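# Working through the structure, step by step
One-letter residues, chain by chain:
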Amino acid sequence: MNTASIDPSELIACPNCDLLHAARQISEGERLRCARCGTKLASSRPNAIDRLLASAVTNAILIAGALFFPFIQLDGGGTRQSATLIDAVSAFGGGLTTPLVLVVAAFIIVIPFMRASALIYTLWPLRFGRAPYQGAARAFRFANILKPWSMAEIFIIGVVVALVKIAGIAQVSLGPAFWMLTAIVLVLLLENHNFCRWTIWQTLGKHTQA
Amino acid sequence: MDNLANPRKTYAGLTARKAGLIACTTCGLVEHPREICQRCGAALHSRDPQSFQKTLAWLIAGMIFFIPANLYPMLITNTFGTEQKSTIIGGVIELIEYKSYFVALVVGVASIVVPLAKFAVIGLLLASIRGRWQSNPYQRLHLYEITEFIGRWSMIDVFVVAILAALIQLNFVASVNPGVAAISFALSVIFTMLSAQSLDQRLIWDSMNETSNHE
Ligand SMILES: [Zn+2]
Ligand SMILES: [Zn+2]
């Protein structure tokens, strides 16, 4: 095959094995997979950008809300205490408590919120068919880098384990903020379903390269 | 046009590298060789030249921090004046004693089995790349993907300790403090995640391409 004749813009390369495929218009609900390793290359969901934007906005609101509502209620030793996530982060304990709580807060609040904001910034103008904002490519890259570091779903399991461990010492009940975090996990699952990096980059690229 | 309509159409098993092109790992654009991707601005490499070293360096860092994570206490509990220290394994055994078998299983797998398996898999993948293995590239890629997907879940125990410490300091009956192991373990998980992310999966397939394209 004469490689010089290939137009790169008509190609999709598999990110996992580098195999070249012909890019083409995929119909709604269809998935394009790598012929060699099966990796999903692109998918098309109806109104994908709308839905992604909706999940990002919902997430940002839920994260902000989860900060201020009681997360957990503790009854023990004759006292009853309800704590929000902000209480938990700002109740500076001794020793390693503070650094540890700050790291955890980054994973479950700061990073998810930054990621949702970056996605909103990227997708908002696209949803209305307008040109992306300045730096949208950078924002979207940033959102993708943050993805594995956003750990709400792991935290939920952590809370459940903590409740089992604490059962002997105090009576604990879950507050609205816990259920908000749980809702975030469900929204993230929906987001994953609608997420096609390739399509969003194509849309972004149409504007930046023109 | 007929070709473009066929999802199975590949360029005769041609990879971007063989075609003299570079695929951007960040946005997927296939481009003629250049320094920076013209669509997303990420650095463009046919294969990340530092992938092997970075993966190995983060892996070693992750393994080193795994040692204090298991030797030192994870949790220091003070109930009615009695101090009790528990390590990661100690915490799992305690859960078994309380007959919380399922929770013990979850914590044990996340804190001990997953990190060890992850070290082994990344080590194996590095060996396979260096040794130019040609067998089972699909299985190796699959192992890599599972590792990347599951590695983050090791963070459970760190979250548990942070939640207990933050909660119980609001209460004066007991006090709970994280031990050195909590921070060491968090760092071990972070470094191992960075190690997996540094691996350029395309390297797994390169030794295959050498033979299959020499027809
Ligand atoms: Zn592939
Ligand atoms: Zn790119």
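Keep in mind the model is a prediction, meaning the values are calculated, not measured.

## Observations concerning the packing of helix H5 (residues 152-166) of chain A against helix H5 (residues 156-168) of chain B
It is the contact of H5 of chain A with H5 of chain B, at a shortest axis distance of 8 Å, that shows an interaxial angle of 55°. Overall, the two elements H5 of chain A and H5 of chain B adopt an arrangement that is oblique. Crossing hand, H5 of chain A versus H5 of chain B: right-handed. Side by side, H5 of chain A and H5 of chain B meet where Ile 154, Phe 155, Ile 157, Gly 158, Val 159, Val 161, Ala 162, Lys 165 and Ile 166 of chain A of the first sit next to Ile 156, Phe 159, Val 160, Ile 163, Leu 164, Leu 167 and Ile 168 of chain B of the second. Of the residues that constitute the contact of H5 of chain A with H5 of chain B, the class distribution is 14 nonpolar, 1 polar and 1 charged.

## So, the interface of chain B and chain A
The partner chain A presents 68 residues to the 74 residues of chain B that form the contact. If you look at where chain B meets chain A, you find 3 salt bridges. Across the pair Arg 47 of chain B and Asp 18 of chain A runs a salt bridge whose closest N-O atoms are separated by 2.9 Å. Linking chain B with chain A are 15 residue pairs in polar contact (both at pLDDT 80 or more). With 12 residues, the top contributor of residues to the side of chain B that touches chain A is H5 of chain B. Along the lines of polarity and charge, the residues of the side of chain B that touches chain A split into 47 nonpolar, 18 polar and 9 charged.

## Comments concerning the confidence of the model for chain B
All names here are of chain B. When the pLDDT values of chain B are averaged, the result is 87; 89% of them are 70 or greater. Per-residue pLDDT, averaged within each element of chain B, yields its smallest value for helix H7 (residues 203-212) (72) and its largest for helix H1 (residues 51-71) (97). Segment residues 1-7 is flagged for pLDDT under 50; beyond a separation of four residues in sequence, or across chains, it makes 9 contacts in the model. Across the interfaces of the predicted complex, the ipTM metric reaches 0.88, alongside a pTM of 0.89.

## Observations concerning the nonpolar core
Core analysis: the biggest nonpolar cluster contains 95 residues, and Phe 71 and Phe 155 of chain A together with Met 155 and Phe 159 of chain B have the highest contact counts within it. The element contributing the most residues to this core is H5 of chain B, with 11 residues. Leu 119 and Trp 201 of chain A together with Ala 42 and Leu 44 of chain B belong to the second largest nonpolar core, which has 25 residues in total.

## Observations regarding the coordination of the zinc ion (ligand 1)
Six octahedral donors around a metal ideally make angles of 90 or 180 degrees; four tetrahedral donors ideally make 109.5 degrees. Residue and element names in this part refer to chain A. Protein-derived coordination of the zinc ion (ligand 1) comes from Cys 14 (SG), Cys 17 (SG), Cys 34 (SG) and Cys 37 (SG), at a distance range of 2.2 to 2.4 Å. Around the zinc ion (ligand 1) sit 4 donor atoms; with metal-centred angles ranging over 101 to 116°, the donor geometry is tetrahedral. All donors of the zinc ion (ligand 1) belong to a single chain; written as a sequence motif, their spacing is C-x2-C-x16-C-x2-C. Take Cys 14: its relative accessible area is 1%, and that puts it in the buried class. By relative accessible area, Cys 17 is classed as buried at 0%.

So, how was this worked out
- Residues numbered from 1 in each chain as written.
- Chains lettered and ligands numbered in written order.
- Predicted model: local features only at pLDDT ≥ 70, side-chain atom pairs only at ≥ 80, totals over all residues.
- Heavy atoms only, no water.
- Axes fitted to C-alpha atoms, helices over the stretch in contact; angles between N-to-C directions.
- Helix = DSSP H or I, 4+ residues; strand = E, 2+ residues; numbered from the N terminus.
- Parallel < 35°, antiparallel > 145°, perpendicular 65-115°, else oblique.
- Left-handed = near helix turned anticlockwise from the far one by under 90°.
- Contact = heavy atoms within 4.5 Å.
- Nonpolar A, V, L, I, M, F, W, Y, C, P; charged D, E, K, R; others polar.
- Salt bridge = Lys/Arg side-chain N within 4 Å of Asp/Glu carboxyl O.
- Polar contact = N/O pair within 3.5 Å; in protein donor to acceptor, adjacent residues only side chain to side chain.
- pLDDT = per-residue confidence, 0-100.
- Core = buried A, V, L, I, M, F, W, Y, C linked by side-chain atoms within 4.5 Å.
- Buried < 20%, exposed > 50% of the residue type's maximum accessible area, 1.4 Å probe, protein only.
- Donors = N, O, S within 2.8 Å, 3.2 Å for Na, K, Ca; no water.
- Tetrahedral: all angles 85-135°; square planar, octahedral: opposite > 155°, others 65-115°.

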